Number of protein chains: 2
Amino acid sequence: MKIVIVGATGTIGLAVKAELGQRHEIVSVGRSRGDLQADITDIASLQALFARVGRFDALVATTGSVHFGALEEMTPELYQLGLADKLMGQVNLVLAGREYLDDGGSITLTSGVLSDDPIRYGSSASMVNGAIDAFVRAAAIELPRGLRINSVSPGVIAESMPSYGPYFRGFVPVPAARAALAYSKSVEGAQTGQVYRVS
Amino acid sequence: MKIVIVGATGTIGLAVKAELGQRHEIVSVGRSRGDLQADITDIASLQALFARVGRFDALVATTGSVHFGALEEMTPELYQLGLADKLMGQVNLVLAGREYLDDGGSITLTSGVLSDDPIRYGSSASMVNGAIDAFVRAAAIELPRGLRINSVSPGVIAESMPSYGPYFRGFVPVPAARAALAYSKSVEGAQTGQVYRVS
């Protein structure tokens, strides 16, 4: 398969590339690194990306940022950062990439544990992750040509604990390589409309 | 209690007003009708609203629209309509209204069944409803002064079946008065961080 990984140079992306790269051709996309560059918040940038990539078999998004901050200090603008980047950035990838996917191809997005297991400062992340998982369930029933879509909802990634640890006390860290298996299941399996929770 | 219902002139809002109005003082807010008017997509409009309302005990939002359309035809702009209105409109109510809520006061938002049980044309509604439920779970653990927040996630409302029926074939219609009980539980009970699914 030819697999496009957007966010391929991040912690999860590298692990997904290591897992899927053993068996498939990987096109790495990043904001400033990777084989190709694109801005997920700009649909035109993504349309240009996929025109350059051409036909492919699987799209994996391991990208997207949100603002972490105390609920007390959150504003509409701070929530919009996550809505525009992690949520609509990944939805933009679906909208721009789907026509280049071959029949039966798959899309795998990334949400996260905070949709159901919240932390202080995480209200934007929770909102966005819940939106992604629900979007995936809905989009799955409308995608044409046997196209599939799932999300991977990992817990806090072990490799990120040096920076995220203080916010995730008591959460069981998930090695990136373990999370990568869920992407493999989504890409190489046959399920659709699933949220793969990795804990 | 003094209860502010935003969207009080809609189908669910009227039922919530009928239920809670038996025991409490209701301030009805609508876009163009009700005791007071406000635009939920405009935080300044809501700040002006609550300055006029003054202190109160419970905020109920039964408002918010999304675009229904085939996944094939959805664009970033069409998703943004629902993100700005039903999602951030209700979050704006939380941000603008919380400081006027008395200690122990409650906030009740409205999501809907499509977060988990999708229909054709409903990908934006699913996304937004999933975001609201996850936001409520997260905000509940950060609200100060014993403030509470829950969401009500109703199925398709029986009174709306004449217009929505064709999109919700096979869904069990929920009378608005039955959905209104969940708002009563949220406002008059003591729970927080809950999603009340009404089916």
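Criteria and cut-off values
- All residue numbers refer to position in the chain's written sequence, counted from 1.
- Think of it this way: whatever chain is written first is A, whatever ligand is written first is 1, and the rest follow in order.
- Where totals are concerned, whole chains, interfaces and linings use all residues; where local detail is concerned, this predicted model gives features only for residues with pLDDT of at least 70, and gives and counts side-chain atom pairs only at 80 or more.
- Water and hydrogen atoms were dropped before computing side-chain values, which therefore reflect all heavy atoms in the structure.
- Two residues qualify as a contact provided that any one of their heavy atoms is within 4.5 Å of a heavy atom in the partner residue.
- Each of two parts loses accessible area, computed with a 1.4 Å probe, when they are put together; buried area is these two losses added.
- Any Lys or Arg side-chain nitrogen located within 4 Å of an Asp or Glu carboxyl oxygen qualifies as a salt bridge.
- Pairs of N or O atoms within 3.5 Å make up the polar contacts considered here, provided that, within protein, one atom can donate a hydrogen while the other can accept it, and that residues adjacent in sequence are counted only when both atoms are side-chain atoms.
- Secondary structure follows DSSP: runs of H or I at least 4 residues long count as helices, runs of E at least 2 residues long count as strands, and numbering of each begins at the N terminus.
- Here the copies are superposed with least squares, the fitted atoms being C-alpha atoms of residues at a pLDDT of at least 70 in both.
- For two strands to be treated as a pair, DSSP must find no fewer than two bridges joining them.
- For helices, the fitted line uses only the C-alpha atoms of the stretch in contact; every axis is such a line through C-alpha atoms, and the angle between N-to-C directions lies from 0 to 180 degrees.
- Any Phe, Tyr or Trp ring, taking Trp's six-membered ring, that has another such ring centre within 6.5 Å forms a pair; planes under 30 degrees apart are called stacked, those over 60 apart edge-to-face, and the others tilted.
- Burial classification: accessible surface area is computed with a 1.4 Å probe over protein chains only, and a residue below 20% of its type maximum counts as buried, one above 50% as exposed, and the rest as partly exposed.
- This arc is built from the directions going out from the helix axis to the C-beta atoms.
- To sort the angles, those under 35 degrees are grouped as roughly parallel, those over 145 as roughly antiparallel, those from 65 to 115 as roughly perpendicular, and the leftovers as oblique.
- Definitions for this section: a left-handed crossing has its near helix turned counterclockwise from the far helix by less than a right angle. A right-handed crossing has that turn clockwise.
- Classification used: nonpolar for Ala, Val, Leu, Ile, Met, Phe, Trp, Tyr, Cys and Pro, charged for Asp, Glu, Lys and Arg, polar for all others including Gly.

Caption draft 1: Fine view of the interface of chain B and chain A. On the side of chain A, 38 residues touch chain B, which itself brings 38 residues to the contact. Summing both sides of the interface, chain B and chain A together bury roughly 3000 Å²; the carbon and sulfur share of this comes to 69%. Looking only at chain B, the three residues that lose the most surface to chain A are L71(B), M127(B) and E142(B), adding up to 22% of its buried area. Where chain B packs against chain A, one counts two salt bridges. The closest approach of N and O atoms between D116(B) and R137(A), which form a salt bridge, is 3.4 Å. Along the contact surface separating chain B from chain A lie 12 residue pairs in polar contact (both at pLDDT 80 or more). When residues of the side of chain B that touches chain A are assigned to their parent elements, the largest contribution, 10 residues, is made by helix α4 (residues 123-140) of chain B.

Caption draft 2: Representation of the relation of the copies chain B and chain A within the structure. With an axial shift of 0.0 Å and an RMSD of 0.0 Å, the rotation relating chain B to chain A amounts to 180°. With respect to symmetry, the two chain copies, as superposed, fit the operation of a two-fold axis.

Caption draft 3: Region of the structure containing unusual backbone geometry. Residue and element names in this part refer to chain B. For Y121, which is not a glycine, the phi torsion comes out positive at approximately 75°. Mapped onto the fold, Y121 is located in the loop between β5 (101-110) and α4. Phi is positive for R145, close to 55°, though the residue is something other than glycine. Relative to the elements of secondary structure, R145 occurs in the loop between α4 and β6 (148-154).

Caption draft 4: Spatial organisation of the sheet that holds strand β2 (residues 25-30) of chain A. All names here are of chain A. Spatial ordering of the open sheet is given by β3-β2-β1-β4-β5-β6-β7, a layout of seven strands whose pairing is parallel. At either end of the open sheet lies a strand with only one pairing partner, and these are β3 (36-37) and β7 (195-198). Across two bridges, the pairing between β2 and β3 is parallel. Bridge pairing in β3 places V29 opposite L36. On top of the sheet, helix α3 (residues 76-97) reaches β1 (2-6), β4 (56-61), β5 (101-110) and β6 (148-154); it is set at about 175° to β5, its chief contact.

Caption draft 5: Seen up close, the packing of aromatic side chains. The full count for this structure, using the stated rule, is 12 aromatic pairs over all chains. Ring geometry for Y121(B) and Y167(B): centres 5.9 Å apart, planes at 80°, overall edge-to-face. Of this pair, Y121(B) sits in the loop between β5 and α4 while Y167(B) sits in the loop between α5 (161-164) and α6 (176-188), placing them 46 residues apart in sequence. Measuring from centroid to centroid gives 6.3 Å for Y164(B) and F168(B), while their planes differ by 45°, and the two rings are tilted. Of the residues examined, F168(B) reaches a relative accessible area of 8% and is grouped as buried. Here the aromatic residues F50(A), F56(A) and Y100(A) are joined through ring pairs into a cluster of three or more.

Caption draft 6: Structural view of the environment of A182(B). Residues and elements named next belong to chain B. You can see A182 is positioned in helix α6. Exposure remark for A182: the relative accessible area of 10% places this residue in the buried category. Filtering out sequence-adjacent residues up to four positions away, A182 remains in contact with V152, Y196 and V198.

Caption draft 7: Molecular detail of helix α1 (residues 11-20) of chain B. All names here are of chain B. Restricting attention to buried positions, one finds in α1 the residues I12, G13, A15, V16, E19 and L20. All buried residues of α1 project into a common sector of 165° when viewed along the axis, lining one side. Elements that come into contact with the buried residues of α1 comprise β1 (2-6), β2 (25-30), β4 (56-61), β6 and α6.

Caption draft 8: Representation of the packing of helix α2 (residues 43-53) of chain A against α3(A) in the model. Residues and elements named next belong to chain A. Here α2 crosses α3 at 45°, and the two axes come no closer than 9 Å. Between α2 and α3, the interaxial angle falls into the category oblique. In the packing of α2 onto α3, the handedness of the crossing is right-handed. For the pair α2 and α3, the contacting residues are I43, L46, Q47 and F50 in the first and G89, N92, L93, L95, A96 and G97 in the second. Counted by class, the contact of α2 with α3 contains six nonpolar, four polar and no charged residues.

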